[in-house]
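# Structural overview
This is what each chain is made of:
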Amino acid sequence: MRAVSCPLQASTLAWDADLADAARIMASACPSTNPQGQPYLMGYNYLSLTEAVNGWYSKAAAYDFGVAGFQPDAWQFSMMVWRGSTRVGCALQDCPNWSVSVCKFDPPGGRV
């Protein structure tokens, strides 16, 4: 996931099957909301996990590297590159009216 160029030099995340299973359980419920500030990322109508990750990472354009703290327009990006997270697991679920992508991080973060 962090193989994409990261200006913060965060280490590479390791894939974790247990986190992927937890993400799969969340996604299989076909949730219709994406609660901001939760320790996971959720996206809708992405065709693949790669597309979801690229969509979340694109929020870097809204991130102000000169300002510390929560930035509501870029929280997906900051969660993806949080230095404290070392493991990730993701899942994609086709639902009746949309698809759901979920990624869980450990330890969970959200601040760069």
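Moving on, we come to the overall build of the protein. Each helix and strand in the protein was counted, giving three helices and four strands. Its helices and strands in sequence order give the protein the pattern β-α-β-α-α-β-β, from N to C terminus. Counting over 112 residues, the protein shows a buried share of 41%. A fraction of 68% describes how many contacts in the protein between residues 6 or more apart in sequence connect residues 24 or more apart. Carbon together with sulfur atoms contributes 52% to the accessible area of the protein, which is approximately 6000 Å² in total.

Over its twelve residues, helix α1 (residues 17-28) runs 16 Å from end to end, which matches the ideal 16 Å to within 8%, given 1.5 Å per residue. Taken as a whole, α1 has its buried residues at Leu19, Ala20, Ala23 and Ala27. Looking straight down α1, one finds that the buried residues subtend no more than 100° of arc, so they occupy a single side. Away from the buried face of α1 by more than 90 degrees, exposed residues Asp18 and Ile25 are located. On its buried side, α1 packs onto β1 (14-15), β3 (87-94) and β4 (99-106). Its side-chain oxygen at 3.0 Å from the backbone nitrogen of aspartate 18, aspartate 16 defines the N-terminal cap of α1. Two residues or fewer past α1, cysteine 30 is found with a positive phi of approximately 50°.

Rules and cut-offs
Residues numbered from 1 in each chain as written. Predicted model: local features only at pLDDT ≥ 70, side-chain atom pairs only at ≥ 80, totals over all residues. Heavy atoms only, no water. Helix = DSSP H or I, 4+ residues; strand = E, 2+ residues; numbered from the N terminus. Buried < 20%, exposed > 50% of the residue type's maximum accessible area, 1.4 Å probe, protein only. Contact = heavy atoms within 4.5 Å. Areas by Shrake-Rupley, 256 points an atom, 1.4 Å probe, with all protein chains shown as cover. Expected span 1.5 Å × (residues − 1). Arc of directions from axis to C-beta. Polar contact = N/O pair within 3.5 Å; in protein donor to acceptor, adjacent residues only side chain to side chain.

These results come straight from atomic positions and should not be treated as a statement about function.
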